[in-house]
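Spelled out, the chains give:
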Amino acid sequence: MKMRNYMKEYREALDERSLFECGSEKWNAVDEKLDGILRDGTVAHDDRIVREVCECIEQLLDLGRDWDDVLVQKYVKILDDNGYGYLNDKTKKVYEIDDVETMKGFLERTYEKVQELRNELSKDCDPNTDSRIRSKWRKIEKSIDDMGNVASRVWRYYEVSRDNGNDCINIDDVVGDIDVFPLVGCFRDFGVEHFTFSSTWSSAVKTAWLFKMNGCEVEGLVEVNGNTNYMTGKHEKMPAYKFAVKWGHEQ
């Protein structure tokens, strides 16, 4: 069986991509092919391809991208998934990247990127531009999905809360007992300092207690914005517990 020459495929794909306008439909198609070659080559433990993945990360960081940027994380994940996480650790050390600090502000930065894409889509644009914008949006959503179910859930809370005009995350649905601990842990990972809880389900008081037992401090009762009432065009107002997320963990 003939062995694939990943480096040859990669260079040929780079040459092919250079023929198209950056961000165009054809450019994006070749770009996805490049990602596939990098992924396959890393799975096959091709040292030259692994080095290319590292260089992609370094080039993006040199251009001012954050470690938690969608594009950076795409390549970080390729290395992590195939036993090369130690190379990511080396890169973070060289660039003096702190794991906790990189996650702070991730939700707001991602929300701002999504808002930019929404604004672009609201304008009249040709089919190619529309496809390019939607492709970027899908990549953002996929990168969040790849972070796991809890992170995806926190992102949904954040996105809806910001859309509704709230200053911090509001949780208005049922949170199972076993979900509280990972949810609070994810809040800490993302640097979330406050959230509100406006659920009206019968188990809401018990859930609020579990938040407290997992290191969240009740700061009082506040009014938050719910979804838009399509009859009035205004956001519904709801009472909510306001919590501060502490770093400690109570038993």
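For the structure, see preceding data.
Residues numbered from 1 in each chain as written. Predicted model: local features only at pLDDT ≥ 70, side-chain atom pairs only at ≥ 80, totals over all residues. Heavy atoms only, no water.

(A) Structural detail: the pattern of salt bridges. Per the counting criterion, the structure on display carries 24 salt bridges. Put simply, R51 and E55 hold a salt bridge, and the shortest N to O gap is 3.6 Å. You can see R51 and its partner E55 sitting in helix α3 (residues 47-62), four residues apart, about one turn around the helix. Given a relative accessible area of 38%, R51 falls into the partly exposed group. Judged by relative accessible area, E55 falls into the partly exposed class, the value being 28%. Close ionic contact of D146 with K142 constitutes a salt bridge, the shortest N to O distance being 3.1 Å. (Salt bridge = Lys/Arg side-chain N within 4 Å of Asp/Glu carboxyl O. Helix = DSSP H or I, 4+ residues; strand = E, 2+ residues; numbered from the N terminus. Buried < 20%, exposed > 50% of the residue type's maximum accessible area, 1.4 Å probe, protein only.)

(B) Structural context of the side chain of S198. Examined against the element boundaries, S198 turns out to sit in the loop between β2 (194-197) and α11 (204-213). S198 gets classed as buried once you look at its relative accessible area, which sits at 4%. A polar side-chain atom of S198 sits 2.9 Å from a polar atom in the side chain of N170. Apart from the residues lying within four places of it in its own chain, the contact partners of S198 are N170, I171, D172, V224, M238, P239 and A240. (Polar contact = N/O pair within 3.5 Å; in protein donor to acceptor, adjacent residues only side chain to side chain. Contact = heavy atoms within 4.5 Å.)

(C) Just the sheet that holds β2, in detail. Taken in spatial order, the four strands line up as β1-β2-β4-β3 in an open sheet, and their pairing is mixed. Whereas interior strands pair on both sides, the edge strands pair on one side only; in this sheet they are β1 (169-171) and β3 (216-229). Each strand axis lies, on average, 35° off the axis of its neighbour in the sheet, ignoring direction. Sheet topology places β1 next to β2; three bridges connect them, and they run parallel. Residue pairing in the sheet places I171 in a bridge with F197 of β2. Each of β1, β2, β3 and β4 (234-245) is contacted by helix α10 (residues 177-189), which is oriented at about 175° to β1, the strand it contacts most. (Pairing = 2+ DSSP bridges. Axes fitted to C-alpha atoms, helices over the stretch in contact; angles between N-to-C directions.)

(D) Structural context of the environment of E25. Within the secondary structure, E25 is located in helix α2 (residues 25-43). Owing to a relative accessible area of 47%, E25 belongs among the partly exposed residues under this scheme.

(E) Broad picture of the environment of F211. You can see F211 is positioned in helix α11. A relative accessible area of 0% means that F211 is categorised as buried. When the C-alpha atoms of F211 and F187 are compared, they prove to be 12 Å apart, with 24 residues separating the residues in sequence. What F211 contacts, discounting residues up to four positions off in sequence, is I171, V180, L183, V184, F195, F197, C216 and F243.

(F) Structural context of the environment of M147. Along the chain, the position of M147 falls in the loop between α8 (127-145) and α9 (149-163). Separated by 70 residues in sequence, M147 and K77 place their C-alpha atoms 9.6 Å apart.

(G) Examining the state of the cysteines more closely. All told, the structure shown has zero disulfides when counted by the stated rule. Looking at the unpaired C56, the closest cysteine sulfur is the one in C54, lying at 9.2 Å. (Disulfide = S-S within 2.5 Å.)

(H) Quick peek at the packing of aromatic side chains. Using the criterion set out here, one finds 10 aromatic pairs in the structure. Consider the rings of W155 and Y158, whose centres lie 6.5 Å apart with planes at 20°: the pair is stacked. Taken together, the residues W155 and Y158, both in helix α9 and three residues apart, mark about one turn of the helix. Residue Y158 is classed as buried on the basis of its relative accessible area, which comes to 11%. For the ring pair Y241 and F243, a centre distance of 6.2 Å and an interplane angle of 45° mean the geometry is tilted. Exposure remark for Y241: the relative accessible area of 28% places this residue in the partly exposed category. Taken together, the aromatic side chains of F187, F195, F197, F211, Y241 and F243 make up a single cluster linked through ring pairs. (Phe/Tyr/Trp six-rings, centres within 6.5 Å; stacked < 30°, edge-to-face > 60°.)

(I) Inspection of the packing of α3 against helix α4 (residues 70-80) at higher detail. Running from N to C, α3 and α4 cross one another at 155°; their axes reach a closest spacing of 9 Å. If you check the angle between α3 and α4, you find them roughly antiparallel. α3 and α4 meet at a crossing whose hand is left-handed. Facing α3, whose interface residues are V50, V53, C54, C56, I57 and L60, α4 presents L71, V72, Y75, V76, I78 and L79. Looking at side-chain class alone, the contact of α3 with α4 contains 12 nonpolar, no polar and no charged residues. (Parallel < 35°, antiparallel > 145°, perpendicular 65-115°, else oblique. Left-handed = near helix turned anticlockwise from the far one by under 90°. Nonpolar A, V, L, I, M, F, W, Y, C, P; charged D, E, K, R; others polar.)

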